[in-house]
Amino acid sequence: MPPKAQSVCGNPLYLEWIGEWMENARALNSKGYQTMRKAYDSMKNCPIPFQHPSQAITLKGIGPTICDRLEKKLREHCAKEGIPMPEKPGVGAAGNQADGSGEEDAAPKKRKTTRPYVPTYRSGPYALLLALHTHSLTSPLALLKSEIIPLAQPHCDSSFEAPPATNGGNKFYTAWNSMKTLVDRGLVYRNGSPGRYLLTEEGEEVAGRIAGVADETEGGGGGNIKKARVEKEGSMIRLPEVFAPPASVAPTAAAAGPRPAARAHRDDVVILDDDEDTPIIVEDLTIEPAIVAAPSPAAPAPLLTTGSAATTFPSFTPIILPPGSFTIHLLLDTREAKTQRDRDYMEQNLNVPGVNLMLRSLEISDALWIARCKHTGREIVLGYGIERKRMDDLVGSIKDGRFHEQKFRLMKSGLRHVMYVIEESHLDDVRSYLEAIQTAISSTQVVNGFFVKRVPNLEGTVSYLARMSKMLGRIYEGKALHVIPDNVIDARTFGDIRNHLKETQPNIDYLVSYTSFSALTSKSAALTLGDVYLRMLMTIRGVSAEKAVEIATKFPTPTALMEGYEKCKTVQEQKRMIMEKCCGYGRKKIGGALSEKVWRVWMEKREQQH
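About the thresholds
Residues numbered from 1 in each chain as written. Predicted model: local features only at pLDDT ≥ 70, side-chain atom pairs only at ≥ 80, totals over all residues. Heavy atoms only, no water. Helix = DSSP H or I, 4+ residues; strand = E, 2+ residues; numbered from the N terminus. Buried < 20%, exposed > 50% of the residue type's maximum accessible area, 1.4 Å probe, protein only. Contact = heavy atoms within 4.5 Å. Areas by Shrake-Rupley, 256 points an atom, 1.4 Å probe, with all protein chains shown as cover. Pairing = 2+ DSSP bridges. Phe/Tyr/Trp six-rings, centres within 6.5 Å; stacked < 30°, edge-to-face > 60°. Lys NZ or Arg CZ within 6 Å of the ring centre and 35° of its normal. Arc of directions from axis to C-beta. Core = buried A, V, L, I, M, F, W, Y, C linked by side-chain atoms within 4.5 Å. Axes fitted to C-alpha atoms, helices over the stretch in contact; angles between N-to-C directions. Parallel < 35°, antiparallel > 145°, perpendicular 65-115°, else oblique. Left-handed = near helix turned anticlockwise from the far one by under 90°. Nonpolar A, V, L, I, M, F, W, Y, C, P; charged D, E, K, R; others polar. Polar contact = N/O pair within 3.5 Å; in protein donor to acceptor, adjacent residues only side chain to side chain. Salt bridge = Lys/Arg side-chain N within 4 Å of Asp/Glu carboxyl O. Expected span 1.5 Å × (residues − 1). pLDDT = per-residue confidence, 0-100.

Participant: Residue-level account of the overall build of the protein, with values.
Facilitator: Helices and strands together make up the secondary structure of the protein, namely 21 helices and 16 strands. Among the 610 residues that make up the protein, the fraction classed as buried is 42%. Once local pairs closer than 6 in sequence are excluded, the contacts in the protein between residues at least 24 apart make up 66%. Summing over all exposed atoms, the protein offers an accessible surface of approximately 34600 Å²; the carbon and sulfur share of this is 52%.

Participant: Explain the sheet that holds strand β2 (residues 188-191) residue by residue, including any values.
Facilitator: Each strand in a sheet pairs with another by means of backbone hydrogen bonds, the pair being arranged parallel or else antiparallel. The 3 strands are arranged β1-β3-β2 in an open sheet whose pairing can be described as antiparallel. The open sheet terminates on both sides in strands that have one partner only, identified here as β1 (143-144) and β2.

Participant: Let's hear about the packing of aromatic side chains: which residues, and what values?
Facilitator: In this structure the tally under the stated criterion is 7 aromatic pairs. Connected via pairs of aromatic rings, a cluster forms that spans F403, Y420 and F450. The ring of W21 has R69 lying over it, and the distance from NZ or CZ to the ring centre is 4.2 Å.

Participant: Tell me about the environment of L394, and please be specific about residues and values.
Facilitator: Residue placement: L394 occurs in helix α11 (residues 391-400). Under the relative-accessibility criterion, L394 is labelled buried at 1%. Setting aside residues up to four positions removed in sequence, L394 forms contacts with K389, F403, I422, I437 and I441.

Participant: Can you tell me about unusual backbone geometry, naming the residues and giving the values?
Facilitator: A positive phi angle is found at R122, which is not glycine, with a value near 60 degrees. With respect to the helices and strands, R122 occurs in the loop between α5 (102-105) and α6 (124-136).

Participant: Which residues make up the pairing of strand β14 (residues 451-455), and what values go with them?
Facilitator: With 4 of 5 residues buried, β14 lies mostly within the body of the structure. Both strand β13 (residues 417-423) and β14 contribute to a ladder of 5 bridges, which runs parallel. Bridge pairing in β14 links E423 to V455.

Participant: Please give an account of helix α20 (residues 571-581) that cites residues and values.
Facilitator: The complete set of buried residues in α20 reads Q574, K575, M577 and I578. Buried residues of α20 fall within an arc of 135 degrees about the axis and therefore sit on the same side.

Participant: Describe in detail the nonpolar core, supporting the description with residues and values.
Facilitator: The nonpolar side chains of soluble globular proteins are, as a tendency, buried together. Counting 38 residues, the largest nonpolar core has W369, L382, L465 and Y476 as the members making the most contacts within it. Excluding its chain neighbours within four sequence positions, the residues that come into contact with L465 are L330, L332, M346, L350, A367, W369 and I386. In terms of nonpolar packing, the next biggest core, distinct from the first, is built from 37 residues, I370, V381, I489 and F494 among them.

Participant: Outline the packing of helix α2 (residues 32-44) against helix α3 (residues 64-81), listing residues and values.
Facilitator: Helix packing geometry: the angle between the two helix axes and the distance between the axes. Where α2 meets α3, the closest approach of the two axes is 12 Å, and the angle between their N-to-C directions is 70 degrees. With respect to α3, the axis of α2 lies roughly perpendicular. Once α2 is placed against α3, the crossing between them reads as right-handed. Seen from α2, the contacting residues are T35, M36, A39 and M43; seen from α3, they are I66, R69 and L70. Of the residues contributing to the contact of α2 with α3, the split by class is 5 nonpolar, 1 polar and 1 charged.

Participant: Quick rundown of the side chain of E379? Include the residues and the values.
Facilitator: For E379, the position within the fold is in strand β12 (residues 379-390). Owing to a relative accessible area of 13%, E379 belongs among the buried residues under this scheme. A polar side-chain atom of E379 sits 2.7 Å from a polar atom in the side chain of R360.

Participant: For the packing of helix α1 (residues 12-27) against α2, give the residues involved together with the corresponding values.
Facilitator: Interhelical geometry of α1 versus α2 gives an angle of 160 degrees and a closest axis separation of 8 Å. One way to sum up the angle between α1 and α2 is to call them roughly antiparallel. As for how α1 packs across α2, the hand of that crossing is left-handed. From α1, Y14, L15, I18, G19, W21, M22, A25 and R26 reach across to α2, where they touch G32, Y33, M36, R37, A39, Y40, M43 and K44. A class-by-class count of the residues in the contact of α1 with α2 yields 11 nonpolar, 2 polar and 3 charged.

Participant: Could you give an account of the pattern of salt bridges, naming the residues involved and the relevant values?
Facilitator: Pairing between side chains becomes possible if they bear opposite charge and their charged atoms approach one another. Applying the stated criterion across every chain, the model contains 20 salt bridges. For the salt bridge of R360 with E379, the shortest nitrogen-to-oxygen distance reads 2.7 Å. Taken together, the residues R360 in strand β10 (residues 357-360) and E379 in strand β12 connect sequence positions 19 residues apart. Note that R372 and E379 form a salt bridge whose closest N and O atoms lie 3.8 Å from each other. Residue classification places R372 among the partly exposed residues on the basis of a relative accessible area of 32%. One salt-bridge network, in which partners are shared between bridges, spans R360, R372 and E379.

Participant: I'd like a rundown of helix α14 (residues 458-475), residues and numbers included.
Facilitator: Helix length check: α14 (18 residues) gives 26 Å between terminal C-alpha atoms against 26 Å at 1.5 Å per residue, within 8%. Every buried residue of α14 is accounted for by L458, G460, T461, V462, Y464, L465, A466, M468, S469, M471, L472 and I475. Sitting at the amino-terminal end of α14 is N457, which places a side-chain oxygen 3.2 Å from the backbone nitrogen of E459.

Participant: For the confidence of the model for the protein, give the residues involved together with the corresponding values.
Facilitator: Parts of the model with low pLDDT should not have their predicted coordinates read in detail. Overall, the predicted model of the protein reaches an average pLDDT of 74, with 72% of residues at or above 70. Low confidence marks residues 91-106, where pLDDT is under 50. Its contacts with residues over four positions away, or in another chain, come to 6 contacts. The low-confidence segment residues 220-311 (pLDDT under 50) makes 136 contacts with residues lying over four places distant or belonging to another chain.

Participant: Hey, could you go over the environment of V447 for me, with residue numbers and the actual values?
Facilitator: Relative to the helices and strands, V447 resides in the loop between α13 (434-446) and β14. Taking relative accessible area as the criterion, V447 reaches 33% and is therefore assigned partly exposed. C-alpha of V447 to C-alpha of E546: the two residues are 99 residues apart in sequence and 8.4 Å apart in space.

Participant: Summarise the pairing of β12; cite the residues concerned and give the values.
Facilitator: Of all 12 residues that make up β12, 11 are buried, and the element is covered over most of its length. Inspection of the sheet shows strand β11 (residues 367-373) paired to β12 by 5 bridges, in the antiparallel sense. When the bridges of β12 are listed, A367 appears paired with I386. Where β11 folds back onto β12 in an antiparallel hairpin, the turn is made up of 5 residues, including G377, whose phi is positive at roughly 80 degrees. Alignment of β12 against strand β16 (residues 510-513), held across 2 bridges, turns out to be antiparallel. Within the sheet, the bridge partner assigned to I380 lies in β16 and is S513.

Below is the structure:
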């Protein structure tokens, strides 16, 4: 806690508020702590009482931002206590109040006209905005520096990796340093370490417009133009309006060559396979292709499981939904609500153009996106899911274990893109758990590989869902969907099939129907022996998900674990077995105390019986 205010301070209320902000910054390990510390010391040493927070700007270390926060806080305090808000002193108020003409004689301040940010043609910011904009047309995920540079370099005259050889080679800045400018201007959002970058809404607007300029200058019609063309109106700059083209779909391994034209007869959809001359006819997209006994060139190769006995799964021919034969819908869990009394808030605010909202009780995740076939109504899960957490809800789920259990189910659900939306509201209720919250968020990003989006409140979540829906609509507008038939999917082998397809055909995203997805993610669905075994291990206090996986890697079944204990010659050797055998996986090694605790659960009673 900040030191107690001494009697020398003339504004103890302001001092108390700045002290609270300083402690919050310290708890969050924020760089703003030093700024608040300076403001706190300056306010503490000032004996002059201020009638209005704006007068505190005369103190060293207190600027307009802190004054605005103090004014907002004072307004809330006055409303709560039922006292009038002090008037803000105007320019020259001391001299004008004598004749009662303060407001009339005070000359209005001349406002500066803010010009929209226009980066120089083929500069670092110009190239970075174009690169992020091009990527956003096909994917909603943030990019690393190493992924952005190859996309941006063709649009920039300077290097993003080597400093320019001018001034005798004394310059150490590359075009990548322009990213800081874009982040500071609020055009690019940076998150995580190493940093991942994504365009903000303002950045999307600027990048979309300069993309149109780039098409004119770098395209066929403007080969000799060296600078971007903008139209000026007085002191303002008006960029030409640009409509982003639909997302282009990169050819996959199976569709790299020219595709024969599809033939249509009545409502039949005919799709020709590239490797065979025999067409796959799906009438009204309702007849699933037959499962063939032997693998064909278009079907995945047989899968070998990691168990002791090698087994195969049946080869199959995927169901293909051509572009334009489906619509994208956002599924929102019916339990998602703003408050107990305002349960329709999210539904009302998501009914906007570009968002096809459907309410449904979901087995897992709070929101996900599906493709719905126009002919049959068949629903396909697209592989994008969102788990929403308020700060107080996050702390509650960490305490009762739901947080780890939910992440475990999400990892096994088959969703390729899982996003956690953390609402930074109700923060005052969980200040004592800030360290646990930071650890949970970091673990979700680093260990589980999930994307974490932090928003200030529920309104930010609604805005993010709407933007994601529109973006996925653009991504899948010209894309065919490959669906695994329902009769191939089995909860015991689905994970192996999914991993095999990802390795052998990385360019094709194989999806499942909503019916199969619900069955796979249901809590009451049939669990594999491995799932039950992992859950058994995680019931031991101190065994996290990654430590349970580590133990299961060395001892795949309970029988293997018991046999391992029986091979040990002494009880002390049994107690240390897990610690010695399970190492080199995860962030923290399993210590001796935890190793002994696992032994007690599995072997202590058995040893007593003998």
